[in-house]
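# Architecture and fold: a report
Given next are the chains, with one letter for each unit.
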2 protein chains.
Amino acid sequence: MPLDLILNNLEKHIHLTREEQELFTAYLQPKKIKRKQFLLTYGEVCKYSAFVTAGCLRGYTVDKSGIEHVLSFAPADWWIADMYSLISQKPGIQNIEALEDTDVLLLSKANQEKLYTQIPKFEHFFRILTENSLVASQQRLIDSLSLTAEERYNNFCKRYPTLIDHLPQKQIASYIGVTPEFFSRMKSVMVRKK
Amino acid sequence: MPLDLILNNLEKHIHLTREEQELFTAYLQPKKIKRKQFLLTYGEVCKYSAFVTAGCLRGYTVDKSGIEHVLSFAPADWWIADMYSLISQKPGIQNIEALEDTDVLLLSKANQEKLYTQIPKFEHFFRILTENSLVASQQRLIDSLSLTAEERYNNFCKRYPTLIDHLPQKQIASYIGVTPEFFSRMKSVMVRKK
DNA sequence: CCAATTTCTTAACCTACATCAAGTGCCGCC
DNA sequence: GGCGGCACTTGATGTAGGTTAAGAAATTGG
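Residues numbered from 1 in each chain as written. Chains lettered and ligands numbered in written order. Predicted model: local features only at pLDDT ≥ 70, side-chain atom pairs only at ≥ 80, totals over all residues. Heavy atoms only, no water.

### Comments concerning the packing of aromatic side chains
Using the criterion set out here, one finds 28 aromatic pairs over all chains in the structure. Feature note: the residues F51, W79, Y116, F125 and F126 of chain A constitute an aromatic cluster, connected by ring pairs. One residue, R58 of chain B, lies across the ring of Y60 of chain B, its end atom 3.8 Å from the ring centre. (Phe/Tyr/Trp six-rings, centres within 6.5 Å; stacked < 30°, edge-to-face > 60°. Lys NZ or Arg CZ within 6 Å of the ring centre and 35° of its normal.)

Written out as structure tokens, the structure is:
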């Protein structure tokens, strides 16, 4: 059941009473997104944090020469949002798209802020969630500055083991920051090496 | 006075009473770091968040071919730490070094956690601080994936206007992710263009 | 104020990855 | 069940930025 998944996710960092759980779940809004549909598009203000209960989303930006850069994948049990836009409430820079039919639970920014005051444990939870994202983001920056495409691919495989053979490889190429052409070549070289 | 600087920094997001201010400042530990001395070195566990009151620090990693990558500069009124190590309490991956004689106020992880329970506003403050770092880190990742060295340099100038003519240019080169040689060439080309 | 070190510049050559182009395989869909 | 389009491959060629080296300029510490 989807609500169990999100309650277990919270349980990793905070413990809620029955009533608190009920207050929380009342704030959630389930939504289904079909493959290739968008949860959020460039220029829109991000009003929700999304928790994925089934399927998979990707968040990406498009640069001025039209190239897409995948910033994150969100399979089941992950949170996703355009943090820049969610925080500033300015027009966002990400597209968030379903890679397959996907179910999410939406928590609006307004409700999230109510939770902070009604149940301070949520401030704690989201602080930790944000800290972990920050560490991941910094690590990815370090990787992009100091590793080769091949090493970044190996890191991707560790970080998203469930996604490797599940995802069009152009999406993986975009995540590790190379063209699909180069990624294809690289993979065939890696096979030959073994 | 240094304490005013940090209290004003907090004031950007939370309001403290006189007593809360006193409780907080009692937790702080002033420290002086001479130019080229380290606040933290690779492999050490990070036990403090540091707030700079004068001077300037840099946080950087060294990759396996010995190249340094500057992750952040911290001039006066900025916070710095090896977040990965501070959070996990595992051996860190950053060196934090003084670029000139620098004064910091240290807040230990233990004290920081006491603040979270004694004055929940601090959980709020550090959540926001972490959110802003996350957004900056994501933006820098996007920049490194989609901009040229020249565009990244322009962004650097916007982000750290006070540092541009204040900092050895090899440090800037390292921050934007190019060699000092290339950076030098790039600058002379930029001048000629104008 | 000088010597030592560090920083900056310039130049020739090199490499990881991009771009463009053409072809193959395959999956979904009327 | 055929076909339109997308994902993947492979090859030829282009380029941003790296490497090595060597000299000039600037800082720094004594």
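### Here's the deal with the interface of chain A and chain B
Much of the literature gives interface size as the accessible area that the parts lose upon coming together. At the junction of the two partners, chain A supplies 32 residues and chain B supplies 32 residues. Note on chain A versus chain B: buried area summed over both sides is about 3100 Å², and carbon and sulfur give 68% of it. Two residues, R127 of chain B and E123 of chain A, come together in a salt bridge whose shortest N-O distance is 2.5 Å. For the pair chain A and chain B, the number of links is 8 residue pairs in polar contact (both at pLDDT 80 or more). The set of elements that each furnish at least two residues to the side of chain A that touches chain B consists of strand 5 (68-75), helix 3 (83-88) and helix 5 (121-146) of chain A. A per-class count over the side of chain A that touches chain B returns 12 nonpolar, 13 polar and 7 charged. (Contact = heavy atoms within 4.5 Å. Buried area = accessible area lost by both parts, 1.4 Å probe. Salt bridge = Lys/Arg side-chain N within 4 Å of Asp/Glu carboxyl O. Polar contact = N/O pair within 3.5 Å; in protein donor to acceptor, adjacent residues only side chain to side chain. Helix = DSSP H or I, 4+ residues; strand = E, 2+ residues; numbered from the N terminus. Nonpolar A, V, L, I, M, F, W, Y, C, P; charged D, E, K, R; others polar.)

### Digging into the state of the cysteines
Residues and elements named next belong to chain A. For the structure on display, the rule yields 0 disulfides over all chains. The structure places no disulfide on C56, whose sulfur is separated from the nearest cysteine sulfur, that of C157, by 15 Å. Accessibility expressed as a relative area gives 1% for C56, which makes it buried. (Disulfide = S-S within 2.5 Å. Buried < 20%, exposed > 50% of the residue type's maximum accessible area, 1.4 Å probe, protein only.)

### A word on the protein's contact with DNA strand C
Contacts to DNA strand C come from 14 residues, most closely from T179 and R185 of chain A together with Q169, K170 and S184 of chain B. Counting only atoms of DNA strand C within 4 Å of the protein, the sugar-phosphate share comes to 74%. Within the contact set of DNA strand C, a phosphate oxygen lies 2.4 Å away from a side-chain nitrogen or oxygen of Q169 of chain B. Of all the elements in the fold, those that place two or more residues in the surface near DNA strand C are helix 6 (149-159) and helix 8 (180-193) of chain A together with helix 7 (169-176) and helix 8 (180-193) of chain B. With 3 residues, the top contributor of residues to the surface near DNA strand C is helix 8 of chain A. Classifying every residue of the surface near DNA strand C gives 4 nonpolar, 5 polar and 5 charged. (Near = heavy atom within 4 Å.)

### Re helix 1 (residues 2-11) of chain A
Listed as buried for helix 1 of chain A are I6, L7, N9 and L10 of chain A. Angularly, the buried residues of helix 1 of chain A cover 155 degrees about the axis, an arc narrow enough to put them on a single face. (Arc of directions from axis to C-beta.)

### Some points on the sheet that holds strand 3 (residues 48-54) of chain A
Residues and elements named next belong to chain A. Taken together, the 4 strands give an open sheet; going across it, the order is 1-8-3-6, and neighbouring strands pair in antiparallel fashion. For this open sheet the edge positions go to strand 1 (29-33) and strand 6 (79-80), each flanked by a neighbour on one side alone. In this sheet, strand 6 lies alongside strand 3 in antiparallel orientation, the contact comprising 2 bridges. Pairing of A50 across the sheet is with I80, part of strand 6. In the packing of helix 1 onto the sheet, the strands contacted are strand 3, strand 6 and strand 8 (102-108), and the crossing angle to strand 3 comes to about 120 degrees. Packing against the sheet, helix 4 (residues 109-118) makes contact with strand 3 and strand 8, and its axis sits at approximately 60 degrees to strand 8. (Pairing = 2+ DSSP bridges. Axes fitted to C-alpha atoms, helices over the stretch in contact; angles between N-to-C directions.)

### Digging into the side chain of S137 of chain A
Counting through the fold element by element, S137 of chain A comes out in helix 5. In contact with S137 of chain A, other than residues within four places in its own chain, are L134, S137 and Q138 of chain B.

### Let's talk about the relation of the copies chain A and chain B
Superposing chain A onto chain B requires a rotation of 180 degrees together with a translation of 0.0 Å along the rotation axis, leaving an RMSD of 0.0 Å. Such values leave the two copies arranged in the relation of a two-fold axis. A shared interface surface links the copies, since 100% of the contact residues of chain A are contact residues in chain B too. (Least-squares fit on C-alpha atoms with pLDDT ≥ 70 in both.)

### A look at the packing of helix 4 of chain A against helix 5 of chain A
All names here are of chain A. At a minimum axis separation of 6 Å, helix 4 and helix 5 run at an interaxial angle of 120 degrees. Comparing the axis directions of helix 4 and helix 5 gives the class oblique. On the side of helix 4, the interface is formed by Q112, L115 and Y116, while helix 5 contributes F122, E123 and F126. Residues of the contact of helix 4 with helix 5, tallied by class, amount to 4 nonpolar, 1 polar and 1 charged. (Parallel < 35°, antiparallel > 145°, perpendicular 65-115°, else oblique.)

### Topic: the protein's contact with DNA strand D
Neighbouring DNA strand D are 16 residues; Q169, K170, S184 and R185 of chain A together with E181 of chain B lie closest to it. For DNA strand D, the fraction of atoms within 4 Å of the protein that belong to sugar or phosphate moieties is 55%. Contacts to DNA strand D include A149 of chain B, whose backbone N or O atom sits 3.2 Å from a phosphate oxygen. For DNA strand D, a phosphate oxygen lies 3.5 Å from a polar atom in the side chain of R152 of chain B. Elements with a contribution of two residues or more to the surface near DNA strand D: helix 7 (169-176) and helix 8 of chain A together with helix 6 (149-159) and helix 8 of chain B. Counted by class, the surface near DNA strand D contains 4 nonpolar, 5 polar and 7 charged residues.

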